[in-house]
Amino acid sequence: MASKVMNVAPLRPDGYRLFTISGLAEVMQESRTYVEQLVIQPGFPYFPIDGMKNKKYLECEVCKWMRENVRYVHQV
């Protein structure tokens, strides 16, 4: 079975791409379910755009929020 090749550049703290939940899942190489749980966290940044049903997520704001709110656990 061939491994999935990522065609999208990873998240960048200085990036200005707008993502949907599916787009975030792809760029983060995570499941949509994981990203759905992430975006409902208090304070997660999003941008409602008039006339569009789904929220959009600005790359640099997502990176900033993750730096401030995600804790990494080192497991041995």
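Placed above this text is the structure.
Per chain, residues are indexed from 1 in the order of the written sequence. For a predicted model such as this one, the threshold for reporting local features is a pLDDT of at least 70, and the threshold for listing and counting side-chain atom pairs is 80 or more; totals across whole chains, interfaces and linings nevertheless cover every residue. The basis for every side-chain value is the complete set of non-hydrogen atoms in the structure, without hydrogens or water.

1. Details of a nonpolar patch on the surface
Applied cut-off: Like charges are joined within 9 Å and nonpolar side chains (Val, Leu, Ile, Met, Phe, Trp, Tyr) within 5 Å, but only among residues with over 30% relative accessible area and no salt bridge; these make up the patches. Working definition of accessibility: Shrake-Rupley area with a 1.4 Å probe, residue cover restricted to the visible protein chains. Note on definitions: salt bridges are taken to be side-chain nitrogens of Lys or Arg within 4 Å of carboxyl oxygens of Asp or Glu. We count a stretch as a helix when DSSP gives it H or I for four or more residues in a row; a strand needs E for two or more, and each element gets its number in order from the N terminus. Accessibility here uses a 1.4 Å probe with only protein chains present; expressed as a share of the type maximum, an area under 20% marks a residue as buried, one over 50% as exposed, and anything in between as partly exposed.
A surface patch of nonpolar side chains, about 330 Å² in accessible area, is lined by L18, F47, I49 and M52. Inspection of the secondary structure assignment puts F47 in the loop between α2 (32-39) and β2 (57-58). According to the relative accessible area criterion, F47 is partly exposed, its value standing at 33%.

2. Examining the pattern of salt bridges
Going through the model one piece at a time under the given rule, you end up with three salt bridges. For R32, the salt bridge goes to E36, with nearest N and O atoms at 2.9 Å. Here R32 pairs with E36, and both are found in helix α2, just four residues apart, close to one helical turn.

3. Comments concerning the packing of aromatic side chains
To be explicit about the condition: Classification of ring pairs rests on two measures: the distance between centres of Phe, Tyr or Trp rings, Trp counted by its six-membered ring, which must be within 6.5 Å, and the angle between planes, read as stacked under 30 degrees, edge-to-face over 60 and tilted in between. Distance and angle both matter: a charge sits over a ring if NZ of Lys or CZ of Arg is within 6 Å of the ring centre and within 35 degrees of the ring normal.
A complete count under the given rule lists two aromatic pairs for this structure. Ring centres 5.7 Å apart and planes at 65° place the aromatic pair F44 and Y57 in the edge-to-face group. Pair noted here: F44 is in the loop between α2 and β2 and Y57 is in strand β2, with a separation of 13 residues, a long-range link. On the basis of relative accessible area, Y57 is assigned to the buried category, the value being 4%. The exposure class assigned to F44 is buried, which follows from its relative accessible area of 5%. In this structure an aromatic cluster arises from ring pairing among F44, Y57 and W65. Above the ring of Y46, the side-chain terminus of K55 is found at 4.1 Å from the ring centroid.

4. Some details on the side chain of E59
Rules: In the analysis that follows, any N or O atom pair within 3.5 Å is treated as a polar contact, provided that within protein one partner can donate a hydrogen and the other can accept it, and provided that, for residues neighboring in sequence, both atoms belong to side chains. The contact rule is simple, with two residues in contact once any of their heavy atoms fall within 4.5 Å.
Here E59 lies in helix α3 (residues 59-69). Owing to a relative accessible area of 2%, E59 belongs among the buried residues under this scheme. At 2.8 Å, the side chain of E59 and the backbone nitrogen of R12 are in polar contact. In this structure, E59 is in contact with P10, L11, R12, G15, Y16, R17 and F19, ignoring residues within four places of it in sequence.

5. Considering the nonpolar core
This is how the line gets drawn: Among buried residues, those of type Ala, Val, Leu, Ile, Met, Phe, Trp, Tyr and Cys that are joined through side-chain atoms within 4.5 Å constitute a nonpolar core.
Counting 14 residues, the largest nonpolar core has L24, M28, V35, V39, F44, Y57 and V62 as its most contacted members. Among the elements of the structure, α1 (21-28), α2 and α3 are those that each provide at least two residues to this core. The element that contributes the greatest number of residues to this core is α1, accounting for five residues.

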